[in-house]
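# Structural characterization, general
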Amino acid sequence: MSKNLKYYYDLMSQPSRALWIFLEKTKLPYENCLINLGKGEHLTEEFKAINRFQKVPCITDSQIKLAESVAIFRYLCREYKVPDHWYPADSRRQALVDEYLEWQHHNTRATCAIYFQYVWLRPLMFGTKVDPKQAEKYRARMERSLDFIEREYLGSDARFIAGDEITVADLLAACEIEQPRMAGYDPCEGRPNLTQWMARVRESTNPYYDQAHKLVNKFAQDTASKAKL
């Protein structure tokens, strides 16, 4: 199979990491197209011709240009031969994956990203000051999402979000939940189900999971070191 598939991404982006892990794990042939968000490469006219939303991740594949990570995951699972467990063909099993994919937009993704951006990213990029009261509001919203996952998605005997096998839902969720670690927040603390599940996701997808999170882990360690000073 020729490398018709081009993948545009930055591993500082949560869904970019999820898709990169998936592509590497499934051994789909693709061309690496790194987009440096920090340098604003996603804002160029050249990139706008590839993705009208000017965000990562996105792909081009033969005659299609496609953005939005959930849409990309579904497309790849339809168009390429990948193990069925990632996005099951069975209607009921697929529906459970879809349930999380739809829920996460305004929950895991929104709350973890907003907290991370307010507490860590915006002060770094723009020099903004963190209002402790506002930070606590964002943290509380994030914790409600994390507690829901701990209790409702991972509280049964299921090993993963949608059953006993890893799916794209787990990849998207884990990569989002890793993000606030850079802001000094430990999402696993006090959540044993989430802790064990994160370890299973990592084990199921390594060495790619660790490779994708090298920068995240470095920044998380730097933040922890500064907090001890």
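Labelled according to an unreviewed UniProt entry, the protein appears under the name glutathione transferase, originating from Anopheles melas. UniProt annotates the protein under Sequence similarities (unreviewed entry) with the comment "Belongs to the GST superfamily. Theta family." Taken verbatim from the UniProt record of the protein, the Subcellular location (unreviewed entry) comment is "Cytoplasm".

The next point concerns the overall build of the protein. Within the protein one finds 10 helices and 4 strands. For the protein, the α and β elements follow one another from N to C terminus as β-α-β-α-β-β-α-α-α-α-α-α-α-α. For a compact globule of 229 residues, the expected C-alpha radius of gyration is about 17 Å, and the protein comes in at 18 Å, within 12% of that figure. Referenced to the eigenvectors of the C-alpha coordinate spread, the extents of the protein come out at roughly 55 × 50 × 30 Å. Across the 229 residues of the protein, 48% fall into the buried class. Look at the contacts in the protein between residues 6 or more apart in sequence, and 68% of them connect residues 24 or more apart.

Strand-to-strand pairing in sheets goes through backbone hydrogen bonds, with the strands running parallel or antiparallel. Taken together, the 4 strands give an open sheet; going across it, the order is 2-1-3-4, and neighbouring strands pair in mixed fashion. Every interior strand has two partners, whereas the edge strands, strand 2 (31-34) and strand 4 (64-67), have only one. Strand-to-strand twist in this sheet, taken as the mean axis angle between neighbours without regard to direction, amounts to 20 degrees. Packed onto the sheet, helix 1 (residues 14-26) meets strand 1 (5-9) and strand 2 and runs at close to 145 degrees relative to strand 1. Contacts from helix 3 (residues 69-79) reach strand 1, strand 3 (58-61) and strand 4, with the element oriented near 130 degrees to strand 4.

Attention now moves to the side chain of aspartate 98. Within the secondary structure, aspartate 98 is located in helix 4 (residues 91-103). Within the structure, the side chain of aspartate 98 is placed 2.9 Å from the side chain of arginine 74, a separation counted as a polar contact. With near-sequence residues (within four places) excluded, aspartate 98 lies in contact with Arg74 and Tyr87.

The next thing to look at is the packing of aromatic side chains. Summed over all chains, the structure comprises 15 aromatic pairs. Plain terms: the ring middles of tyrosine 7 and tyrosine 9 are 4.6 Å apart, the flat faces sit at 10 degrees to each other, and that makes the pair stacked. The residues tyrosine 7 and tyrosine 9 share a single accessibility class, namely buried. Taken together, the ring pairs in this structure connect Tyr100, Trp103, Phe148 and Tyr153 into an aromatic cluster.

Between helix 7 (residues 168-178) and helix 8 (residues 192-205), the least distance of the axes is 10 Å, while the angle of their chain directions is 115 degrees. Seen along the crossing, helix 7 lies across helix 8 with a hand that is left-handed. On the side of helix 7, the interface is formed by Asp170, Leu171, Ala173, Ala174, Ile177 and Glu178, while helix 8 contributes Leu194, Trp197, Met198, Val201 and Thr205.

Further remarks concern a positive patch on the surface. A cluster of basic side chains, namely Lys133, Lys137, Arg141 and Arg144, defines a positive patch on the protein surface. Along the chain, arginine 144 turns up in helix 6 (residues 132-153).

Turning our attention to unusual backbone geometry. Among all residues except glycine, the phi angle is most often negative; among peptide bonds, the trans geometry is most common. Residue proline 57 is bonded to the preceding valine 56 through a cis peptide linkage, with omega at 5 degrees. Along the chain, proline 57 turns up in the loop between helix 2 (45-48) and strand 3. Between asparagine 206 and proline 207 the backbone carries a cis peptide bond, its omega angle lying at 10 degrees. With respect to the helices and strands, the residue proline 207 is situated in the loop between helix 8 and helix 9 (208-212). For lysine 27, which is not glycine, the phi torsion reads 60 degrees and is therefore positive. The exposure class assigned to lysine 27 is exposed, which follows from its relative accessible area of 58%. Positive phi is not limited to glycine here, since glutamine 54 has a value of about 55 degrees. Here glutamine 54 shows up in the loop between helix 2 and strand 3.

Phe22, Leu76, Tyr100, Leu101, Val168 and Trp197 are the most contacted members of the largest nonpolar core, which totals 62 residues. The greatest single-element share of this core, amounting to 8 residues, is contributed by helix 7. Built from parts of two domains, this core gets at least three residues from each of domain 1 (6-82) and domain 2 (91-227). For phenylalanine 22, the contacting residues outside a window of four places in its chain are Leu28, Phe73, Leu76, Cys77, Val82, Trp86, Val168 and Leu171. The next biggest cluster of nonpolar side chains, apart from the first, holds 7 residues, and it includes Cys33, Ile35, Phe47 and Ala67.

Cut-offs used in this document
- Residues numbered from 1 in each chain as written.
- Predicted model: local features only at pLDDT ≥ 70, side-chain atom pairs only at ≥ 80, totals over all residues.
- Heavy atoms only, no water.
- UniProt positions renumbered as here; feature names shortened; annotations may be inferred.
- Helix = DSSP H or I, 4+ residues; strand = E, 2+ residues; numbered from the N terminus.
- Rg over C-alpha atoms; globule rule 2.2 N^0.38 Å.
- Buried < 20%, exposed > 50% of the residue type's maximum accessible area, 1.4 Å probe, protein only.
- Contact = heavy atoms within 4.5 Å.
- Pairing = 2+ DSSP bridges.
- Axes fitted to C-alpha atoms, helices over the stretch in contact; angles between N-to-C directions.
- Polar contact = N/O pair within 3.5 Å; in protein donor to acceptor, adjacent residues only side chain to side chain.
- Phe/Tyr/Trp six-rings, centres within 6.5 Å; stacked < 30°, edge-to-face > 60°.
- Left-handed = near helix turned anticlockwise from the far one by under 90°.
- Patch = residues over 30% accessible without salt bridge, like charges linked within 9 Å, V, L, I, M, F, W, Y side chains within 5 Å.
- Areas by Shrake-Rupley, 256 points an atom, 1.4 Å probe, with all protein chains shown as cover.
- Salt bridge = Lys/Arg side-chain N within 4 Å of Asp/Glu carboxyl O.
- Lys, Arg positive; Asp, Glu negative; His and termini not counted.
- Charge placed at Lys NZ, Arg CZ, Asp CG, Glu CD.
- Core = buried A, V, L, I, M, F, W, Y, C linked by side-chain atoms within 4.5 Å.
- Domains from an automatic or database assignment.

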